Structure formats: C-alpha cells, structure tokens
Amino acid sequence: MVSSIESSVGTERRVVTELPGPKSQALHARRRASVSHGLTQGFPVYIERADGAILQDVDGNRLLDLGSGIAVTSVGHAVPALVDAVSEAVANFTHTCFMVTPYEGYVRVCEELAALTPGDFDKTSALFNSGSEAVENAVKIARLATGRSAIVVFDHAYHGRTNLTMALTAKNMPYKDRFGPFAPEIYRVPMSYPFRDGLSGADAAAQAIRIIETQVGAENVAALIIEPIQGEGGFIVPAEGFLPALSAWTTQKGVVFIADEIQSGFGRTGDWFAVNHEGVIPDLVTTAKGLAGGMPLAGVTGRADLMNAVHEGGLGGTYGGNPVATAAALATIATLREQNLVARARELGATMLAALRSLQQDVAIIGDVRGRGAMVAIELIEPGTMNPNASAAKAIVSYCNQQGVVALSAGTYGNVIRLLPPLVITDEQLADGLAVLSAAVRSAS
Ligand code: PLZ
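Just so we're clear, the structure is a prediction, and the values are computed from it rather than from any experiment.

Colleague: Is there a simple way to think about the overall build of the protein in this case?
Modeller: Secondary structure summary: the protein contains 14 helices and 15 strands in total. Taking 445 residues into account, the globule formula puts the C-alpha radius of gyration at 22 Å, and the protein, at 21 Å, falls close to it. Dimensions of the protein, computed from the C-alpha atoms along their principal axes, are close to 60 × 60 × 45 Å. For the protein, the proportion of its 445 residues judged to be buried stands at 54%. In the structure as shown, the protein presents an accessible area of about 18000 Å², 52% of it carried by carbon and sulfur atoms.

Structure (structure tokens):
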C-alpha cells in the first residue's frame, strides 16, 4: 500500500528558499497563462506532497498548515488509513453511479451520518459533491416537504457560489459581484454577533424573528439556514441562547431548521457538530469538507419524513457519493474516532484561545478572540475603535506566509484571521505556529 512508503516530509517547518521559491514562481507563470484569473490566488507555493500538518512545496520548503485547506483535512494530510482506503476503493471500482447500480459504501456513510448527527429520530441522507450542492439540495427538500418557498438566511452567511447559494451568501465581493440576477425568495436577517451587536442571544433571536414575522410571514417560510458558527463570515459565534431560540421558533412554526455544518462539523469545534454545544437539534444538517478528508463529498442528513417526502428521482447527480469519496469518508470517521480527534479539537482550542487572549493584552489591534475547539479566530480593529482593520489582516497573513505558515483570513470586512489546524497537529507544531502568528500580529501593530 502507498502509505508504507516512508514519508520524506518530516514534522517541522523548514523554509529553504524565498517564498514562493523559483519552481513555484515558474509554475505560477504557467498558471497565469492557463488558469482563469477569476480564482483566488492565496499563497502561490505549489505543493508536491504533505504529511500530518506539514505541506512540502516543489522547492523543498516545508510549510505548517493552519488552514487544513479550509477545514477539510481535519485528520491530517496523507493519513495512512485514508490513503489505504482510497487506494483500495480505486482499485475495486471508481464509479458506477449510485442511481444506476448502488454499492455499500454510500449506504454506510448514510448510516454514519444518521448516527453522528444530533436527534434520535429516523434519519436518511443524500450525498453530493460539494458543500454548495448540499445546501441547494437542502433547500429543494425543505421547499418540497413544506410546500412553502421563502428561505431565511443571516448577515455574514456563506453557503456557496452556485446561483442559489450565491443568493444565500451575504458578502458581495468577491462572491456575488456582477454575477446576478440571483434566485428569488431569499430573506436576510441579522446574525447574533456579540462583539459588534452587544445583544444577548435571546434579544438577537427576538429581533431576527420579529423581522421574519413582519416582513416575510412565518407561514411562507420553508426553511431557516444557519451556520452554527459562521465560517467565511469571520468565525462569528452567536451569543448563547440564539440558536436554541431560533430552533424553538422554527419547530413552533413548521419551518425547517437547516444547520449548515459544512465548515463547523465533523469534530472541528470539539463536538461532532457545532449545534451540539447548545443541544440544538436541526431538522436537516448539511456536511462536506471534514467529512471525507479531501475527497469531494457532501451530505444532506435529517428527518426521514422530510428527506423521504421527495419523489423518486427528485434528488441525485452523476458523481454524488462516489465510491472513492465514500471510502475516504468512512476512513476519516474511523480515524476521528480511533485517534480521539474530537476531544483533541477541544485541547487545541484551549491552547489557541489562551495564547491569543494573552497576546490581545499586549497589542491594540486585536478586538476579539473567539471560537470553539479548533475553529478559532482573532478580529482585528483599528486601535481604540471598532473599525475593521483589513490591512492588518493582510499584513499578518503575508508575514505568516513568508515564515512558511499557512494562515487564512475571513470576515465580511476581511479583518479576521482564522485558525483551522489539522486536528492531528502536534503540541510542538501548534506552539511554533502560534509563535509565528504572534510575531506577525506584533509586527502589524
Ligand atoms: N457552507 C458553511 O464554509 C465553503 C469556500 C471557499 P463548497 N467554504 C469555503 C471559497 O472561497 O469558495 C462552504 C462553507 C459553508 C457552504 C460552503 C460551500 O462549500 O464545497 O465550497 O461548495
């Protein structure tokens, strides 16, 4: 098996050229000629292989990964269990189309999704290729099952880049600008954002509900879609009580509560799903990213009466729940369990929050430190104000990159630095990454 070949990537960050190095620069020139300029450029070091929390580029630099490819490789890069499972699946068969001739891996992933997602009622799932596709399908299911059309979403929300999910996503630039017209019947209400609105969870929920009831009408609402911790929007953790109050309202009004756990799910926040921290039980949950360790797979899971209301043939797609991707998901879930990585996410979170809160005491540009488990962020402000400081965020990401640390920004105002390390990151690697990040923040202050 591939995983028995000894990895040469090592466990330490090591910068041996300028970044990006000469080979990366040459590749980047080819990219500029052949790849659409419409894709975000990020940090143009070209990766050749990876192991655990270390990415090795084509120039031999070893980078510490604090982003997990946007919350995907939670179990780490090139984890042997996953490599073996995927290799075996590829050798067996790569595709049949589950709708044509099915296979067990798809069924097993749906069994796992039913067992792991909150709520002990009958659940079924459908599998797709991307997070956006899962969110679109959750909307289709909710509309069909309720016979209603309005969808409620929140400020700062991110749900994807397809036409329907662009409409659900809040931020114009870069996601929506000039890509309209957008799908109708989408209504946006304020998110609980404790750092900026100062409201209790109950008050923020009452405000959102008042707007829905007066401007949309509860009886017109098919679904309310919310990220329990907003990802791209800036790791906004709603005030305690916000999610339970919204969930209670949806139950009372026959509205489908859809938790978009695409970024926050699968152990990332120190529980299997972020809604678990407040005991919220969604009607439908969307998953992707950390579900399959990097293979494209997404799911909609939830109440069987809603999921099964759809007529036969109403859901599907050529590749959804591909046999290689489902094998990766089963290996990912087994690895999360065997290595106790959900608990590890809580430990990583405690370390990151403590380090960043202590840093906040020393610098004037960190307005807020927040997050749950291994989903932690700092929100940067202009000293002495609440004004977002996007230029500091840019400078910090670029400083980290120069030192060989992959760090991501986020936020409606582009002023948030988010940490999403692989859950297998070692204490030494995390300490190294936090030291670089602290130096970056001090230098931007
Ligand atoms: N819902 C909560 O975080 C994807 C987007 C990166 P896809 N977030 C990363 C980018 O710039 O495109 C995401 C998410 C939440 C839905 C999605 C969409 O998932 O797999 O990217 O389609």
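Now that the structure has been shown, we can carry on.
Colleague: Which parts of the structure should I look at to understand the pairing of strand β5 (residues 150-154)?
Modeller: Consecutive residues of a regular strand have side chains that alternate between opposite faces of the sheet. Burial analysis of β5 places five of its five residues in the buried class, the great majority of the element. Residues Ala-150, Val-152 and Phe-154 of β5 are buried on one face, and the alternating residues Ile-151 and Val-153, pointing to the opposite face, are buried as well. Where β5 meets strand β7 (residues 221-226), three bridges bridge the pair, whose relative direction is parallel. Within β7, the position partnered with Val-152 by the bridge is Leu-224. The sheet contact formed by β5 and strand β6 (residues 186-189) spans four bridges and is parallel. Note on β6: the bridge partner recorded for Val-153 is Arg-188. In this fold, the crossover linking β5 to β6 by way of helix α6 (residues 163-168) has right-handed handedness.

Colleague: It is not clear to me how the packing of helix α4 (residues 104-116) against helix α11 (residues 323-338) should be interpreted in this structure. Could you clarify?
Modeller: Axis angle and axis distance: for two packed helices, these are the angle between their axes and the distance between the axes, and together they describe the pair. Contact geometry for α4 and α11: axes closest at 8 Å, N-to-C directions at 40°. Of the two elements, α4 crosses α11, and the hand of that crossing is left-handed. Residues Gly-105, Tyr-106, Arg-108, Val-109, Glu-112 and Leu-116 of α4 lie in contact with α11, whose contacting residues are Thr-326, Ala-329, Leu-330, Ile-333 and Arg-337.

Colleague: Can you walk me through the packing of aromatic side chains in this structure?
Modeller: Geometrically, a pair of aromatic rings is defined through the distance of the ring centres and the angle of the planes. Counted according to the given criterion, the structure contains seven aromatic pairs. Residues Tyr-158 and Tyr-175 carry aromatic rings whose centres are separated by 4.8 Å and whose planes lie at 70° to one another, so their mutual orientation is edge-to-face. Of the two residues, Tyr-158 is situated in the loop between β5 and α6 and Tyr-175 in the loop between α6 and β6; the sequence distance between them amounts to 17 residues. Here Tyr-158 matches Tyr-175 in class, with each residue buried. Where Phe-266 meets Phe-273, the ring centres are 5.3 Å apart and the plane angle is 75°; that geometry is what we call edge-to-face. The residues Phe-266 and Phe-273 share a single accessibility class, namely buried. In this structure an aromatic cluster arises from ring pairing among Phe-93, Phe-98, Tyr-103 and Tyr-106. Seen from the ring of Phe-121, Lys-123 lies directly overhead, with NZ or CZ sitting 5.6 Å from the centre.

Colleague: Teacher, can you tell me more about the sheet that holds strand β15 (residues 416-419) here?
Modeller: Hydrogen bonds between backbone groups are what pair the strands of a sheet, and the pairing can be parallel or antiparallel. Spatial strand order, β11-β12-β15-β14: four strands in an open sheet with antiparallel pairing. One side of each edge strand has no neighbouring strand; the edge strands of this open sheet are β11 (366-372) and β14 (408-410). Ignoring strand direction, the axes of neighbouring strands in this sheet form an average angle of 25°. Note: β14 against β15, three bridges, orientation antiparallel. Its bridge partner being in β15, Leu-408 is matched across the sheet by Arg-418. Contacts from helix α12 (residues 341-362) reach β11, β12 (375-380) and β15, with the element oriented near 170° to β11. The strands touched by helix α13 (residues 390-402) within the sheet are β12, β14 and β15, with β15 carrying the most contacts at an inclination of about 40°.

Colleague: Explain the domain arrangement of the protein to me, please; I cannot follow it from the model alone.
Modeller: Often the size quoted for an interface is simply the accessible area lost on bringing the parts together. According to the domain assignment, the protein consists of domain 1 (4-78 + 340-444) and domain 2 (83-338). One C-alpha centre belongs to domain 1, the other to domain 2, and the line joining them spans 26 Å. In this assembly, 42 residues from domain 1 lie in contact with 34 residues from domain 2. Interface area, domain 1 with domain 2, both sides summed: about 3100 Å², of which 60% is carbon and sulfur. If you sort the residues of domain 1 by the area they bury against domain 2, Val-342, Arg-372 and Met-375 come out on top, with a joint share of 24%. Applying the counting rule to domain 1 against domain 2 returns two salt bridges. As a salt-bridge pair, Glu-232 and Arg-418 come within 2.9 Å of each other at their nearest N and O atoms.

Colleague: Whenever I open this one, the site of the ligand confuses me. Can you help?
Modeller: In the vicinity of the ligand, 14 residues are found, and the nearest of them are Gly-131, Ser-132, Arg-161, Asp-260 and Gln-263. Between the ligand and Gly-131, the relevant distance is 2.8 Å, taken from an oxygen atom to a main-chain nitrogen or oxygen of the residue. In this structure, Gln-263 approaches the ligand through a side-chain N or O atom, which is 2.8 Å from an oxygen atom. If the ligand stood free it would expose 510 Å²; the protein chains cover 82% of that surface.

Colleague: Which parts of the structure should I look at to understand the nonpolar core?
Modeller: Side chains of nonpolar character tend, in soluble globular proteins, to be buried together. Judged by nonpolar contacts, the single largest core of 119 residues is most densely connected at Leu-224 and Leu-246. In terms of domain composition, this core takes at least three residues from each of domain 1 (4-78 + 340-444) and domain 2 (83-338). Leu-224 has contacts with Val-152, Phe-154, Ile-212, Leu-246, Trp-249, Thr-250, Val-255, Val-256, Phe-257 and Ile-258, leaving out every residue within four places of it along the chain. Core analysis: the second largest hydrophobic core is formed by 11 residues, Ile-229, Phe-235, Val-237 and Leu-408 among them.

Colleague: Looking at this structure, how should I read the sheet that holds strand β2 (residues 54-57)?
Modeller: Taken in spatial order, the four strands line up as β1-β2-β3-β13 in an open sheet, and their pairing is mixed. Pairing within the sheet leaves two strands with one partner each, and these edge strands are β1 (47-51) and β13 (405-406). Summarising the sheet, strand β3 (residues 62-65) and β13 pair through two bridges and their orientation is parallel. Residue pairing across strands places Asp-65 opposite Val-406, the latter belonging to β13.

Cut-offs and rules
Residues numbered from 1 in each chain as written. Predicted model: local features only at pLDDT ≥ 70, side-chain atom pairs only at ≥ 80, totals over all residues. Heavy atoms only, no water. Helix = DSSP H or I, 4+ residues; strand = E, 2+ residues; numbered from the N terminus. Rg over C-alpha atoms; globule rule 2.2 N^0.38 Å. Buried < 20%, exposed > 50% of the residue type's maximum accessible area, 1.4 Å probe, protein only. Areas by Shrake-Rupley, 256 points an atom, 1.4 Å probe, with all protein chains shown as cover. Pairing = 2+ DSSP bridges. Right-handed = clockwise from strand over helix to strand, strands pointing away. Axes fitted to C-alpha atoms, helices over the stretch in contact; angles between N-to-C directions. Left-handed = near helix turned anticlockwise from the far one by under 90°. Contact = heavy atoms within 4.5 Å. Phe/Tyr/Trp six-rings, centres within 6.5 Å; stacked < 30°, edge-to-face > 60°. Lys NZ or Arg CZ within 6 Å of the ring centre and 35° of its normal. Domains from an automatic or database assignment. Buried area = accessible area lost by both parts, 1.4 Å probe. Salt bridge = Lys/Arg side-chain N within 4 Å of Asp/Glu carboxyl O. Near = heavy atom within 4 Å. Polar contact = N/O pair within 3.5 Å; in protein donor to acceptor, adjacent residues only side chain to side chain. Core = buried A, V, L, I, M, F, W, Y, C linked by side-chain atoms within 4.5 Å.

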